[in-house]
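# Reading the structure
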Amino acid sequence: MDTQVIGHRTPRVDGENKLTGRADYTTDWYVEDMLHGYPVPASIAHGTLEALDIEPVLAMPGVVAVYHHGNFPKLYRSPSSQAHQDQVSEVRLPFEDERIHYDGQYVAMVVAERFEQARAAAQALQARYRQDDGARPGLLHSREDGRLLESEGGSRGDPENAYERAPVKIDHIYGIAPESHMQMEMHATLAQWRDGRLIVHESSQGVIYQQKAMARIFDLPEEQVEVISHYIGSGFGNKLFMWPHAVAVAAAARELGRPVKTVLPRQQDMESGGNRPASRQRLRLAADAQGRLQSMRHDSTTETSFVHPYVDSVGSPTLSLYACDNAAISQHLLEVNHGTPCPMRAPGEVSGIYALECAMDELAIALDMDPLELRRRNYNHEDPAKGLPWSSKHLDTCYDSAARRFGWERRNSAVGSMTEGDEILGWGMATSSWFAGRQPCMARVELRADGTVLAACGTQDIGTGTYTVVAQTVAELTGVPLDRVEVRLGESSLPAGPLSGGSMATATTLPAVAAAVRAAIDELKEVATDEAAPFTGADPDGLTFRDGALVDAQGKRVTFDELLTGQKLGSVNGDGQAAPGDEQQQYSFRSFGAHFVEVRWDPAITRLRVSRVVSSIDIGRAVNPATARNQVEGAIVMGMGMGLFEKLDYDPRDARLINNNYSDYIVTSHADMPDIDVELLDNPDYAFNEFGARGVGEIGLTGIAPAIANAVYHATGKRIRELPITIDKLLVE
Ligand code: MOS
């Protein structure tokens, strides 16, 4: 497909709104008569709330109400079904009972006239607890495995026998600390009731999901609930599904008959607003003497809270990434006294690929083989998990291109052998991958008499560029310039669109928008061939729409705004929908890439840093190469955090979160920034959708942490199998 706008770098169409402060983030919303809610977090992780000293707090300035187990209205749980799109992040309702399952669980919410008053009162509220023994401080503090999840297993061949027979094998356990999303904009809700209708502004990655969940919880018809999320200060998965704070705020607003807003403080966001669960993963790999994989086994445990069974599916990539006849994965789930985990950017796969790609590096060393060569020898051309060919796989090109740009052929494989001044260089690499998914989607497009085009869809832009790629699609198919395209997203009353999750929004939304554009153009042709219209009597199919105008075979040309104005019409509308189809039975869809990382280790001052990252990523067609590259670059920075810095630290004695703030929870900073060289291949995947786009939000994160771990080994000879690789781990002899 020869395109003019799609596939070309385009500045964000919402950039000006963001820069000028016109972008209405939930946290920016103020409405008349609005009250402020401030949740009160439990200060134990395991036990019972015995008493709350409410009276003194009710007497504090501005305090209107304190909600807690004793007076909270009775509501229903959402069934939390993915199929019915009423999934929530935590099925337990706020204040449901007096049991405490994690540090930071809400025991009350203060509502006051002003934010400062609500906060002061919440902080003054005295609670008495009975703390139980035996809090589980986390998977990595435990030897327990939890329960086996049958649904997460899978196998082929006879991995056990093949392992026993193979000449070269490795068997190691890898751990990943729990992480926090650390998105910029906190979780926030503004709830208002108007004539029995619930209107919620929420910083949400899924307005439709939240609408349906709220309808279940408050027992309302879905159309009585509206969820609005025009701008989101990113989410990374913790805003996919609603959390209890939103329920508490909506209920308080109903009880009080006034709008109530809450913006979680960072502390609460970290304690009770989602996290990437810790994982412990055992990898057993075996190869023949030529490095051909004979057996792969990946047995994992992930953790969840006691109130919601979140499963981070870490093993699945091991069944797909390499050619190997004998493979098996299994997963256990262990409840611990942490806030409920949830998806976090490339959920499951980023953790599984970390363990797998470290194990591959260890296998290469056992084989005395270059780690890139080991990957090449086990290249596959179909998905062994599904027995279907890949729709479009160019991982070999990624390996070639990134290795060449990095200079991999100059690598001396001996540990610690490459030096520059006082520093020892470590070079490591890893494969990157993320599945490509699509969902059903609807959209509406209006061609308007004022010469503008409106596209509307009930999805949202979490900062990734969805406004922009939708506008590009309209501009591409209509020839109307971008500055005359208006995009409306982030309202549950719009035609149902997807979650901004799973890297699926672009591939899901654009085909529906395209269908709506075509439907609107068809409608315009009908209008144009009516009586007393410019093309009266003509066959609508004989007209073409180009550069914002209808043209007939004789070359007569009428722009859509002229035509609509002449016909005294405000607009013509098109409804479109699109869904995945037969191609899902013909192909397996996945994106691939390669990361090469250089670290520098200065043993004299125990300084470790990442100095270079070179990546090649194949996501099919990048609808907007500027925003797509931005996603991968950001993911690399986030992957450095996963590899080197990020860890939610729970006290092993009582399971309380120690570093619930931005100063003690370390993320990658400007000073850590390496040279980053990202290449996006351009191989449109037309089997997947008409634009050939597979999505890009998550893939870049996969493979970074293992490439760093592999580079650290190459520099230091220390194989650190537990993330993050903090320097204290390198000091142990
Ligand atoms: Mo992503 S974890 O699906 O927001």
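Keep in mind that this is a model prediction, so the values were computed, not measured.

Across a sheet, paired strands are connected by hydrogen bonds in the backbone, their directions being either parallel or antiparallel. Strand order in the open sheet formed by four strands is β23-β22-β21-β27, and the pairing between neighbours is mixed. At either margin of the open sheet sits one strand with a lone partner, and together these are β23 (485-488) and β27 (571-578). Averaged over all adjacent pairs, the angle separating strand axes in this sheet is 15 degrees, with direction ignored. Pairing of strand β22 (residues 453-456) with β23, which is carried by four bridges, proceeds in the parallel orientation. Within β23, the position partnered with Val453 by the bridge is Val485. Against the sheet, helix α12 (residues 505-528) makes contact with β21 (441-448), β22 and β27, and its axis sits at roughly 145 degrees relative to β27, the strand it touches most.

Let us now look at the pattern of salt bridges. All chains considered together, the criterion is met by 47 salt bridges. The residue Arg600 makes a salt bridge to Glu423 at a minimum N-O spacing of 3.0 Å. In this pair, Arg600 sits in strand β28 (residues 590-602) while Glu423 sits in strand β20 (residues 423-435), placing the two residues 177 residues apart along the sequence. For Arg600, the salt bridge goes to Glu598, with nearest N and O atoms at 3.4 Å.

Okay, the domain arrangement of the protein chain next. Often, the extent of an interface is quoted as the loss of accessible area upon association of its parts. Domain annotation of the protein chain identifies domain 1 (31-134 + 185-233 + 239-272), domain 2 (276-437 + 585-730) and domain 3 (438-579). Using only C-alpha atoms to locate each centre, domain 2 and domain 3 end up separated by 40 Å. Counting from both sides, the interface comprises 17 residues of domain 2 and, opposite them, 18 residues of domain 3. Between domain 2 and domain 3, the buried area comes to about 1300 Å², and carbon and sulfur atoms account for 57% of it. It is Gly437, Val623 and Phe691 in domain 2 that bury the most area against domain 3; as a group they hold 37% of the surface buried on that side. Across the contact surface, domain 2 and domain 3 share one salt bridge. Here domain 2 is connected to domain 3 by nine residue pairs in polar contact (both at pLDDT 80 or more).

As annotated in UniProt, the feature "domain: Aldehyde oxidase/xanthine dehydrogenase a/b hammerhead" (unreviewed entry) corresponds to residues 20-133 in the numbering used here. Measuring from the first to the last C-alpha atom of residues 20-133 gives 53 Å, for a span that is 14% helix and 29% strand.

Turning our eyes to something else, we now look at the packing of helix α8 (residues 349-367) against helix α16 (residues 704-716). Close contact between α8 and α16 brings their axes to 8 Å; oriented N to C, the two are set at 30 degrees. As far as their axial angle goes, α16 and α8 are roughly parallel. Crossing of α8 against α16: the hand is right-handed. Residue-level inspection shows Ile353, Tyr354, Glu357, Cys358, Asp361 and Ile365 of α8 in contact with α16, the latter providing Ala705, Pro706, Ala709, Asn710 and Tyr713.

Taking 1.5 Å per residue as the helical rise, helix α15 (residues 625-645) with its 21 residues ought to reach 30 Å, and the 29 Å between its terminal C-alpha atoms agrees with that figure. Most of α15 sits inside the fold, with 15 of its 21 residues counted as buried.

Right, let's get into the pairing of strand β13 (residues 260-263). As paired elements, strand β1 (residues 35-41) and β13 share two bridges and run parallel to each other. Across the sheet, the residue bridging to Leu35 is Val260, located in β13. Inspection of the sheet shows strand β10 (residues 188-194) paired to β13 by four bridges, in the antiparallel sense. In the strand pairing of β13, Thr189 is matched with Thr262.

Next up on the list: the confidence of the model for the protein chain. The pLDDT averaged across the protein chain works out to 97; a share of 100% of its residues lies at or above 70. Taking the mean pLDDT of every element in the protein chain, the minimum, 94, falls on helix α17 (residues 727-731) and the maximum, 99, on α16.

When strand β9 (residues 168-176) meets strand β14 (residues 279-287), the two strands line up antiparallel, connected through nine bridges. When the bridges of β14 are listed, Lys169 appears paired with Ala286. In this structure, β9 lies alongside strand β31 (residues 722-723), joined through two bridges in parallel fashion. Across the sheet, the residue bridging to Gly175 is Glu722, located in β31.

About the thresholds
Residues numbered from 1 in each chain as written. Predicted model: local features only at pLDDT ≥ 70, side-chain atom pairs only at ≥ 80, totals over all residues. Heavy atoms only, no water. Pairing = 2+ DSSP bridges. Helix = DSSP H or I, 4+ residues; strand = E, 2+ residues; numbered from the N terminus. Axes fitted to C-alpha atoms, helices over the stretch in contact; angles between N-to-C directions. Contact = heavy atoms within 4.5 Å. Salt bridge = Lys/Arg side-chain N within 4 Å of Asp/Glu carboxyl O. Domains from an automatic or database assignment. Buried area = accessible area lost by both parts, 1.4 Å probe. Polar contact = N/O pair within 3.5 Å; in protein donor to acceptor, adjacent residues only side chain to side chain. UniProt positions renumbered as here; feature names shortened; annotations may be inferred. Parallel < 35°, antiparallel > 145°, perpendicular 65-115°, else oblique. Left-handed = near helix turned anticlockwise from the far one by under 90°. Expected span 1.5 Å × (residues − 1). Buried < 20%, exposed > 50% of the residue type's maximum accessible area, 1.4 Å probe, protein only. pLDDT = per-residue confidence, 0-100.

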